[in-house]
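The lines below spell out each chain.
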Amino acid sequence: MSGQQLAEVLDGQHAADLRKAARALLKQPLLLARGSHADEFRLVRRHASELREWFDRNTGWTLHADAEAARLRKVPGTLTDPTHPAREATRAAAPFTRRRYVLLCLALAALERGEAQIALGRLADQVVLDAADPHLIAAGVEFTLDRRDERLDLAAVVRLLLSLGVLRRVAGDEEAYVSGAGDVLYDVERRVLAGLLAARRGPSTVDAESLEGRLAELVAETALDSDELRFRAMRRMLTRRLLDDPVLYYDELDDVELAYLTRQRGFLTARITELTGLVPEVRAEGIAMVDPDDDLTDLRMPEQGTYGHVTLLLAEYLAAADGPVGVGELAARVRELAAEHGGFWAKSAREPGMEAELAEQAVARLTALGLVSRTDGGVAPRPALARYAVGPTVVIEPTPARMPAQRKASLP
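These lines cover the structure that appears in this document, whether it is placed above or below. Because the structure is a prediction, the values reported are computed rather than measured. Residue numbers here run from 1 along each chain, matching the order of that chain's written sequence. At least 70 in pLDDT is required for a residue's local features to be given in this predicted model, at least 80 for side-chain atom pairs to be given and counted, and no such filter applies to totals for whole chains, interfaces and linings, which use all residues. Excluding hydrogens and water, the side-chain values take into account all heavy atoms of the structure.

Some details on the sheet that holds strand E3 (residues 69-73)
So, point 1. Strand pairing is defined by DSSP finding a minimum of two bridges between the two strands. To qualify as a helix, a DSSP run of H or I must reach at least 4 residues; to qualify as a strand, a run of E must reach at least 2; elements of each kind are numbered from the N terminus. What the three strands build is an open sheet, ordered E1-E3-E2; its pairing is antiparallel. Of all strands in the sheet, those bounded by a partner on one side alone are strand E1 (30-32) and strand E2 (62-65). The sheet shows a mean angle of 5 degrees between the axes of neighbouring strands, direction not considered.
So, point 2. Inspection of the sheet shows E2 paired to E3 by four bridges, in the antiparallel sense. Opposite threonine 62, over in E3, you have arginine 73 as the bridge partner.
So, point 3. It only takes one pair of heavy atoms within 4.5 Å for two residues to be counted as in contact. Between the N-to-C directions of two axes lies an angle of 0 to 180 degrees, each axis being a line fitted to C-alpha atoms and, for a helix, fitted only over the stretch in contact. Sitting on the sheet, helix H3 (residues 48-58) is in contact with E2 and E3, with an inclination near 160 degrees to E2.

In structure tokens:
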């Protein structure tokens, strides 16, 4: 092998490793030196300098990597998207509710003040004490953790922190705590805990009253007092949305943003493809960065199982609609589909009255994938839903790949 050929092989291997490291961070923004992601962590740390420069320049996300963890502090392109709630480690786990999010924040505050080890019962006592804050009470937040459902919510929060590596279980079991039969002891990984928050400023310094205002202040960049800074902020926002959102629709952008994307579309998508391997699908309505490897996603379409089958069948139904479809009509359609396909579904899904829940689950998934939107008139199909239409008319053509990366809700 000649020197030039060797150099090409080494360059190719370097690019492949860099891509693998970038994809690992997009899929799991917090990687630990130990555990199931140790190999990915080592790869990220080896390429930390290049990754740090790329993410800072193109997205404004900061990357911190030390001997214990690598943390990509992601800021979502859309701050108020409610369709990707946090969950425990498994996809089948229930999504986090408002109460679980409040419990998560209170638990993190208690852990920050605590010692290197903590028992779940002690953590619960601290949460109850902090929940007595008058501001929380005025907001309608109240915890006693005497009820089983409240203890289940705290256990779900702890399991999320276990999956993130903030806690390590030493002894005990969460189920024993929930049932009142025992306690659990944890080690607190303080360096992981310290790197968890992805905000650009401390929450205690935020003065805004509304949710939207508070979120905006948490991630606000420096004053954009020049064209160069404004264009940089626009480039970062668009790149974040192309990386995180299933589809970036042009009608979601204002005139200035759309004009910038029109001029810079080739540059932006080429940079993303070079680093991640995501492939742009550009259509009249927007852009989707599709993953040929199908692993940079928290939601798949189609998905196996009963809910996945119902979602696909309703997607076909909605794709053929001329406008919004009422929730009641969708439930009735599920009832019809159960008569035709119920033999392939779980027994519980065929029980009377389940059609409303099945329809709601499908609509939630389709909304999260950017395929439909909820309106006053019901559920409205969006252009990318034509990918699943039955017939020759297709706006975004089917490909072997599924929807692109969207890991927005994995971390607080």
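Focus on the pairing of strand E10 (residues 372-375)
So, point 1. In the sheet, E10 pairs with strand E11 (residues 378-381) via four bridges, with the strands oriented antiparallel. What sits directly across from threonine 375, in E11, is glycine 378.
So, point 2. In sequence, E10 turns back onto E11 through a hairpin of two residues.

Some details on the environment of alanine 131
So, point 1. Residue position: alanine 131 is located in the loop between helix H5 (120-130) and helix H6 (134-138).
So, point 2. Overall, alanine 131 belongs to the buried group, its relative accessible area being 4%.
So, point 3. Ignoring sequence-local partners within four residues, the contact set of alanine 131 consists of Leu106, Leu136, Ile137, Val141 and Phe143. Accessible area is worked out with a 1.4 Å probe on protein chains only. A residue is then buried under 20% of its type maximum, exposed over 50%, and partly exposed in between.

Brief notes about the sheet that holds strand E5 (residues 167-172)
So, point 1. As summarised here, the arrangement of the three strands in space is E4-E6-E5, forming an open sheet in which the pairing is antiparallel. Each having just a single partner strand, strand E4 (117-119) and E5 make up the two edges of the open sheet. Pairwise comparison of adjacent strand axes, ignoring direction, gives a mean angle of 25 degrees for this sheet.
So, point 2. Both E4 and strand E6 (residues 184-188) contribute to a ladder of three bridges, which runs antiparallel. Considered in E6, the bridge of glutamine 117 is made with aspartate 187.
So, point 3. In this fold helix H7 (residues 148-164) packs onto E5 and E6, with an angle of close to 120 degrees to the strand it touches most, E5.

Notes on the packing of helix H4 (residues 98-113) against H7
So, point 1. Remark: H4 packs on H7, axes separated minimally by 9 Å, with the N-to-C direction vectors making an angle of 60 degrees. Between H4 and H7, the angle falls in the class oblique. Judged by the twist between their axes, the crossing of H4 over H7 is right-handed. From H4, Arg99, Arg100, Leu103, Leu104, Ala107, Leu108 and Leu111 reach across to H7, where they touch Asp149, Glu150, Leu152, Asp153, Leu154, Ala156, Val157, Leu160 and Leu161.
So, point 2. Each residue belonging to the contact of H4 with H7 can be placed in one class, and the counts come to eleven nonpolar, no polar and five charged. By definition in this entry, angles of less than 35 degrees are roughly parallel, angles greater than 145 are roughly antiparallel, angles of 65 to 115 are roughly perpendicular, and the rest are oblique. The handedness criterion is simple: a crossing whose near helix is rotated anticlockwise from the far helix by less than a right angle is left-handed, and one whose near helix is rotated clockwise is right-handed. The nonpolar class holds Ala, Val, Leu, Ile, Met, Phe, Trp, Tyr, Cys and Pro. Asp, Glu, Lys and Arg form the charged class, and all remaining residues, Gly among them, are polar.

Quick word on the pattern of salt bridges
So, point 1. Here, a salt bridge means any Lys or Arg side-chain nitrogen found within 4 Å of an Asp or Glu carboxyl oxygen. All told, the structure shown has 29 salt bridges when counted by the stated rule.
So, point 2. Here arginine 23 ties to aspartate 293 by a salt bridge, and the two come within 3.7 Å at their closest N and O atoms. Of this pair, arginine 23 sits in helix H1 (residues 3-27) while aspartate 293 sits in the loop between strand E9 (286-290) and helix H13 (305-319), and the two are 270 residues apart along the sequence.
So, point 3. Take arginine 23: its relative accessible area is 9%, and that puts it in the buried class.

A look at the packing of aromatic side chains
So, point 1. What counts as a ring pair is set by centres within 6.5 Å for rings of Phe, Tyr and Trp (its six-membered ring), and what kind of pair is set by the plane angle: stacked under 30 degrees, edge-to-face over 60, tilted for all other angles. What the rule picks out here adds up to four aromatic pairs.
So, point 2. With 5.7 Å between their ring centres and 15 degrees between their planes, phenylalanine 231 and tyrosine 260 make a pair best called stacked. With phenylalanine 231 in helix H11 (residues 227-244) and tyrosine 260 in helix H12 (residues 255-276), the pair connects residues that are 29 residues apart, well separated along the chain.
So, point 3. Connected via pairs of aromatic rings, a cluster forms that spans Trp54, Phe55 and Trp61.

Describing the nonpolar core
The nonpolar side chains of a soluble globular protein tend to be buried, and buried together.
So, point 1. In these notes, a set of buried Ala, Val, Leu, Ile, Met, Phe, Trp, Tyr and Cys residues joined through side-chain atoms within 4.5 Å is what counts as a nonpolar core. In this structure, Leu111, Leu120, Leu123, Leu161, Val166, Leu167 and Tyr177 are the most contacted members of the largest nonpolar core, which totals 40 residues.
So, point 2. Listed by contribution, the elements that provide at least two residues to this core are E1, H4, H5, H7, helix H8 (174-179), E6 and helix H9 (190-194).
So, point 3. Beyond its immediate chain neighbours, meaning those up to four positions away, leucine 123 contacts Ala107, Ala110, Leu111, Ile118 and Val158.

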